[in-house]
Each structure stands twice: as C-alpha cells, then as structure tokens.
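Listed below are the residues making up each chain.
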Amino acid sequence: MDAVVLQLLNGLDKGGAYALIALGLTLIFGTLGVVNFAHGALFMLGAFCAVTMQKLLTLSARVKDTSVTFFDSYTDVPYLKMWFGDVGLKIIDYAVPLSILLAIPVMLLLGIVMERSLIRHFYRRPHADQILVTFGLAIVLQEIIKAVFGANPIPTPAPDIVAGSANVGAWLGLGANVVYPWWRLVYFGFSALVIAAVFAFLQLTTFGMVVRAGMRDRETVGLLGINIERRFTIVFGIAVVVAGVAGAMYTPILPPDYHMGMDFLVLSFVVVVVGGMGSLPGAVAAGFLLGILQSFASMNEVKSLLPGIDQIVIYLVAVLVLLLLPRGLFGRKGVMEE
Amino acid sequence: MHPALSRKHIALAGRLGSGPALGPGYFVSCVAGAADAEWITEMTTPTSHKDRVLLLSFTVAVLLMPIWLKAIGAGYPDLLQKFAIYGIFAIGFNILFGLTGYLSFGHAAFLGVGSYTAVWTFKLLSMNALPAIFFGVLAGGLFALVIGFVSLRRSGIYFSILTLAFAQMSYNLAYSVLTPITNGETGLQLARNDPRVLDRLFIEAGPGIPHTTLFGLPMVGYSGFYFCAVILIVCFYIALRITRSPFGMMLKAVKSNQNRLKYAGVNTRPYALTAFVISGSFAGLAGALLAVTDPLAGAERMQWTASGEVVLMTILGGVGTMLGPVLGAAIIKYLENIFSSFNAQTLHAFFGFLPDAIEKPVVAVVGLFVGDGWQLTLGVLFMVLVIFLPGGVMEGVRRLSAWGSRLRAGGQPRKPADKHAVEHSA
C-alpha cells in the first residue's frame, strides 16, 4: 500500500508537466489548427528562463577577502547580498519561483512573435509542412540554447524551505516511510493551479467564450465582426506561456539541458493522442494518467516481471488506445479525421 | 494488382471528385484529376525513353562521382560512401513520403535495426558483406511491417507521432534493456573471439579483428564506395520502376485523396503498408551498408534527429521526385562535412581580410553555425526550405528552367494552370 501511494505521488509531478504541455498543444491545435512540434523546445526555453533568472540574481562582484591576510584572495559576492544583505540571499534562494515573473512576459512575447511571423503563414499549408517547419524551429531553438548555456545539465535548486521531504504518510496515516519531496508536491499544486486558471479563463471570461466559439466555428465568429485571428494569436501566446512556466518550475526536479524539450514533446504528443486530439480535458486527464502509469511501471517489482516496461509503457498504452479507441479517451468526432 | 483494375479505380476516383458538390475540395480534385490523366499516359509506357535516359545519366554520374566531385573537394571515398548510403536511405523514405504522403518521423529506427543486424551477422556468420546486407534488409523490412501495421491505422499527424513514438521507444530500449544485444552506449563492435561460423568453415581465424569484405574485396576506400554506388543505382532503378508501376500510381492516389479511393471500394491500407515496408527495407539496407563500410552500430543512429535528417534530405532535394532525395542526401552530407570541419581558427583565417573590429563579431556569429553548431545550420535550412521552397532543389530547377523558357518566348504571362500544378506537386 505504501509503495502504491508513493508511486501515485511520483506520477503526479511528471503527469503535471505532461498535462501542461499537452494542454498547450491542444489549445494551439484547437484554435489555429496547427501542429506545433516546437512546443517541447518552448518548455525547454521556459526551463532556461529559470536558469537565466538564477544567473541574473547571482551576478557577483569580485571582492577582496579580508579574512585572508597572507596573500590576496578574492571571493564572488552577489550584488544582491551586498545591497540587501540577508534579504538579498533570500531572493536568490527563491530564484526558481521568481523566474515565473521572467518566464511569463518572455514567453508571451516569444509566442506572439512566433505566431505572427511564422505560424500565421502555415494555417492553410498541409499538416506535414507545419510539422516540418516547427520541427526546424525546435532544432534552431535548442541549438541556440546549447550555444549559449552549453550542453551540460544546469542544476537549479528549489528554495531551501521546500528542500526537504513532506511526510505524506503521516498525513494519510500510512506510516512514516511514505515521504515525498516538497518541491514535487509544489509542482503538482502549481500545475493544477495553471490548468484551473486556463480552464477558468476559457469558461468564465468573455474572451474565453469567443475563443471557444471560434474553436467550434471560426468562420461564423468572423462573420459576426470579431477579429478572431487576433484572439487566436493571444491564445497561442498563452499556450506558449503555459509551456514556459511548466518548464521553469520543473527545473529543480530535472536539471535542464538543451535537449530536454524533445523527450517531453514526444511524450506530450502521445498524451494528446491518448486523450483525444482537440479535447482539453482529455489532454489533462491523459497527462496525469500516463505520468502515474509511467511511475508504476518503474517500480522494481514491475520491472523485474517485465524488464524495460518503464521505458515503453506510455507508447504501449498509446498503441492500445489508438487500436481500441481511435479517437482517444475524450476525442471529439470530426477532429483530424480526414 | 491487375493494371486494368487500377486504371479503372483511379479514373473512377478522379470522376467521383470532379463534381462541384464537394465544395472547397473542388479545386483540389480538379488538379488531382489532371494529375490522374498524366499518370495514365505514363503508365502506357512503363519505362519510357525519358526514364532510360534518366537512369543512364544517373548511373554515369554516380560512377564518375570520384572524378567530378573532386572539383568541390568531395572526391574522397569516405564521403562518397556516405553520399551513396544516405542516398539509398532518402530514396526509400521518398517511396513512403513522396508517393503516399505519409510523413514518418521514425525512419532512423529502421536504419539502426539494419546496422545492428549487419554487425551481428558479421559477428556470428561471416565478414562477407552480402549476408549482412541480406539480413539487414530483412530486419528493416520486418521491423517496418510490425510498426507500419500499427501506425498506419491512423493517418496525418497521428501517423507522424506514432512513428516518432516507436522510434523513440526503440532508441530508449537500445540504451537500456536491450544492452546485451546493442551494447548500450558503447555501441556494438566486432571482437576477436566472435564465432563467425561461415568464415571458420573456410579459413582459420587470423590474429586481430578481420575487415569486412566482398569475397576478398575490402569494403573500405574506393572499392567500398563502388559497392555502395552499385547498390544505389539498383535502388534507384527499383524506385523508378515502383514509381512508374500501377502500384506506384495507387500510392500517388493514396496521397491525392484517400477518401475518394475508399469510395471507389479500394482498401488503401495494404498499399500504404507495402510502401512502408519497402521504405523500411531501404532504410535497413542503408543501415547495413553503414555497418559494412564501418562495422560499428550505435543507438544514436536511431535518434529523432537522425529521423529528421532524412526528412530534410528528401524535402531539400524535392519530395516525390526521382533525383531529389539522392541530391538532397548528398548536399546535406557535403555541407555537414564542410561545416563541421570549420573551427574558430579556420574562420579567423577566412575572414582575415576584414578589419579587426568587424572580424570578431562576424566570426562569433558564423561560429555558431559551424563546427559543433552544424545542427543549427540544419535547423535554419529546414525552416527556410519549408517556408520558401517546399518543392526543394528540383522545384527550384524547374522554376528556373520555366523562367528561362519564358524569357526565350518573349516574356509571355505565366499560365495559371502552371501554378496549380506546382502547388500540387509540392
């Protein structure tokens, strides 16, 4: 029982990341009808927003170390510490959550620029062309990151306050060995919050209502005198932001490197396919489902029974779902069926 | 399939689509209808005069590559082998993508399987190239059969994702559970104490690791290149015959409009699956040849970047054209060879004529694109190509020659039908 709860928890944070990326993919596909193979790279860019934030906050001045008297010794002291003392150190400690403040404007701008300058010209082109051009963009983005930040993973620790593990077992009355890193719980809560915010935005605001109407029938909405293209551009920006913040917050769990995006992209596409192309709840549900399944498959008991199952379980599920329920779990009729 | 039957089906499919009731599809169906007619005339002459000329000039060009490619500094066997091998890979990919329109993002998996099989054949049976190639093709084809059977249940983007997922799965497995077979990160290599059952029947095991041969002919240097070149020409011929055959026409019909074929009572899946298996066998062959020229197989050959590369080769040359994929493969491998050999020093020498203040930033910017940054060039090339020239080099050549002939004809306005045909072929 303990092991089951633990694996369930383990799946939640990964599932959260899958769900957030898949949500963005589905939003873009549902509004613009574009298949965005660069979405994984955007997740990666978000993660590097956190790295940049960390680097910015720890910008240091070289100061002579006065405690060493035999020879001249220098230490790097972050400007923040010099200016604000302990408060400055606290700010540095919170680099990852603070990076969201950087990621949101950067990713929104990037998304809108990307949509207006590139994606716009691909609305009417075949899906193959959309896949190819965004695939090329993904390579370009990740190579730029590689050139700037190097090829090695860059550790970006979570704030000290959540560095330890939460005693989940005690809360649930399961015994003390069910412990779980705090940051992963935070990530799960964060992803749930973002998902709720996106849904609330689509369901409760006038803007969201127009977007939903546009997803159903773009032409009619256009005939009513609404500039649906501009709204879709903003939706694209939002989807990019969602991927970006998902990446930024994921950095303490997985130190970011330049090719992390592609791993997540492939899995997120599988998530979209399993959830049903064009279905937002499907993307979220399938994201968590596959995340949890993957963590169960990586249990030692399961692995000894079926070696290698942890590597392929997601793909196996995708194949099964596609063969048994071709539209996916929540797929709507008439989406991508030509 | 009986040729007459296919002609009827395609004519029927063309007619079905020509009604105005189909709305927005009308324009497309007109173009497709025009293309149908063209295929039927092609079919009446299976290997036309034009094709024979094409095949002959291709053969001559490939065999003389060591001579005429010297002019651009590519006349050495290691690179020429790569041209030929990746040409085969791209020809195979084009049979699937160019003819049926199914965009596979997992073709590198078949290449990898071919390589592993070939190296295992070297280890277990013989250092001769032929068994390795035979088993490599077989393994690539069988693997494609399994993956294609599942993936082809969906089309469009679903298909691309499924193939990508399978390729990533193979890549992950090769690195983890299958390590006893693939030797994980080190890559599969030959060893001195490999059994090599067939070889042992004839000769004693010598000291050291033997080289791959073709009945005594070493598979390195120019003999290796000519071996690959002959296979490339054979593959080109096979692809030409497939394209011109009734089967090839069915594949093109699958690309133009699968629904119409279905209305006409044709089950398209067996055709697509056959194309997929043929394409996978070509990839397996290319993988085996890679192992023949350099008996080493690693999982990185199956990575998604490798799958993306063959897609790029094909679209760079021209999707659906005969020469395009080979041309694209050669261009990519040539550029890769040049770009990745550059380093900061050569760049400084190259831009040395500039004043210092300009030279430094120029070298810094260009430096991003060369050496280790070759992938960045690849990505940019990818985007530029898809945006501006989706028909690839062959399309560019066609446009240039059309422009030239218009100039000669005295600047007549371009016929609108011309543009449609271009869009269709793109």
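Residues numbered from 1 in each chain as written. Chains lettered and ligands numbered in written order. Predicted model: local features only at pLDDT ≥ 70, side-chain atom pairs only at ≥ 80, totals over all residues.

Caption draft 1: Seen up close, the overall build of chain A. For chain A, the helix and strand inventory stands at 15 helices and four strands. In summary, chain A has a C-alpha radius of gyration of 22 Å against a globular reference of 20 Å for 338 residues, a match within 12%. Viewed in the frame of its principal axes, chain A has a C-alpha envelope of about 80 × 50 × 35 Å. Relative to its full complement of 338 residues, chain A shows a buried share of 47%. For chain A, the proportion of contacts with a sequence separation of at least 24, taken over those separated by at least 6, is 75%. (Helix = DSSP H or I, 4+ residues; strand = E, 2+ residues; numbered from the N terminus. Rg over C-alpha atoms; globule rule 2.2 N^0.38 Å. Buried ≥ 20, exposed ≤ 12 C-beta atoms within 10 Å, placed from the backbone. Contact = placed C-beta atoms within 7 Å.)

Caption draft 2: Focus on the packing of helix H12 (residues 260-275) of chain A against helix H15 (residues 309-324) of chain A. All names here are of chain A. Across the interface, H12 lies against H15 with an axial gap of 9 Å and an inter-helix angle of 30 degrees. Judged by the inter-axis angle, H12 sits roughly parallel to H15. With respect to the hand of their crossing, H12 and H15 are arranged in left-handed fashion. Listed contacts from H15 to Leu267, Val270, Val273 and Val274 of H12 are Ile314, Tyr315, Val317, Ala318, Val321 and Leu322. The residue inventory of the contact of H12 with H15, partitioned by class, reads ten nonpolar, no polar and no charged. (Axes fitted to C-alpha atoms, helices over the stretch in contact; angles between N-to-C directions. Parallel < 35°, antiparallel > 145°, perpendicular 65-115°, else oblique. Left-handed = near helix turned anticlockwise from the far one by under 90°. Nonpolar A, V, L, I, M, F, W, Y, C, P; charged D, E, K, R; others polar.)

Caption draft 3: A look at the pairing of strand S1 (residues 60-64) of chain A. All names here are of chain A. With zero of five residues buried, S1 is to be regarded as a mostly surface element. For S1 and strand S2 (residues 74-78), the ladder comprises five bridges, and the chain directions are antiparallel. Bridge pairing in S2 places Ala61 opposite Val77. (Pairing = 2+ DSSP bridges.)

Caption draft 4: Layout of helix H9 (residues 206-216) of chain A. All names here are of chain A. Turning to H9, its buried residues are Val211, Gly214 and Met215. End-on view of H9: buried residues confined to an arc of 100 degrees, all on one side of the axis. For H9, exposure combined with an orientation more than 90 degrees from the buried face picks out Thr206, Met209 and Arg216. (Arc of directions from axis to C-beta.)

Caption draft 5: Main features of the nonpolar core. Among the nonpolar cores identified, the biggest contains 215 residues, and Leu23, Val242 and Val270 of chain A together with Ile88, Phe89, Ala286 and Leu289 of chain B are the most heavily contacted of them. If near-sequence neighbours (up to four positions away) are discounted, Phe89 of chain B is found in contact with Leu111, Phe282, Ala283, Ala286, Val310 and Ala329 of chain B. (Core = buried A, V, L, I, M, F, W, Y, C linked by C-beta atoms within 7 Å.)

Caption draft 6: Local environment of the environment of Gly140 of chain B. Mapped onto the elements, Gly140 of chain B comes out in helix H7 (residues 129-151). Sequence separation between Gly140 of chain B and Ser151 of chain B is eleven residues, and the spatial gap between their C-alpha atoms is 16 Å.

Caption draft 7: How the structure looks around helix H2 (residues 39-57) of chain A. Across its 19 residues, H2 of chain A extends 27 Å between first and last C-alpha, which sits within 8% of the 27 Å expected from 1.5 Å per residue. The buried count for H2 of chain A comes to 14 of 19 residues, which makes it a mostly enclosed element. (Expected span 1.5 Å × (residues − 1).)

Caption draft 8: How the structure looks around the packing of helix H3 (residues 49-63) of chain B against helix H11 (residues 221-244) of chain B. Residues and elements named next belong to chain B. Interhelical geometry of H3 versus H11 gives an angle of 160 degrees and a closest axis separation of 10 Å. Considered as vectors, H3 and H11 are oriented roughly antiparallel to each other. In this structure, H3 crosses over H11, and the sense of that crossing is right-handed. Within the contact between the two elements, H3 uses Asp51, Leu55, Phe58, Thr59, Val62 and Leu63 and H11 uses Ala229, Leu232, Ile233, Phe236, Tyr237, Leu240 and Arg244. Its residues placed into classes, the contact of H3 with H11 shows ten nonpolar, one polar and two charged.

Caption draft 9: Highlighting the confidence of the model for chain A. Residues with a pLDDT of 70 or more make up 97% of chain A, whose mean pLDDT is 85. The secondary-structure element of chain A with the lowest mean pLDDT is helix H7 (residues 168-172) of chain A, recorded at 73, while helix H11 (residues 228-250) of chain A shows the highest, at 92. (pLDDT = per-residue confidence, 0-100.)

Caption draft 10: Local environment of the interface of chain A and chain B. Taken together, the contact between chain A and chain B spans 32 residues of the former and 34 residues of the latter. For the side of chain A that touches chain B, the elements supplying multiple residues, two or more each, are helix H6 (127-149), H12 and H15 of chain A. Looking at the side of chain A that touches chain B residue by residue, the class counts come to 25 nonpolar, five polar and two charged.

Caption draft 11: Representation of the confidence of the model for chain B. All names here are of chain B. For chain B, mean pLDDT is 81; residues scoring 70 or higher make up 85% of the total. Here helix H21 (residues 416-425) stands out as the element of chain B with the lowest mean pLDDT, 44, in contrast to helix H14 (residues 269-293), whose mean of 94 is the highest. Scored below 50 in pLDDT, residues 1-8 makes ten contacts in the model with residues more than four places away or belonging to other chains. For this predicted complex, the interface confidence comes out at an ipTM of 0.79, alongside a pTM of 0.81.

Caption draft 12: Local environment of the environment of Ala330 of chain B. All names here are of chain B. Within the element layout of this structure, Ala330 appears in helix H16 (residues 324-341). Expressed as a C-alpha distance, the spacing of Ala330 and Phe97, which sit 233 residues apart in the sequence, is 19 Å. Once residues lying within four places of it in the same chain are set aside, the contact partners of Ala330 are Phe83 and Gly87.

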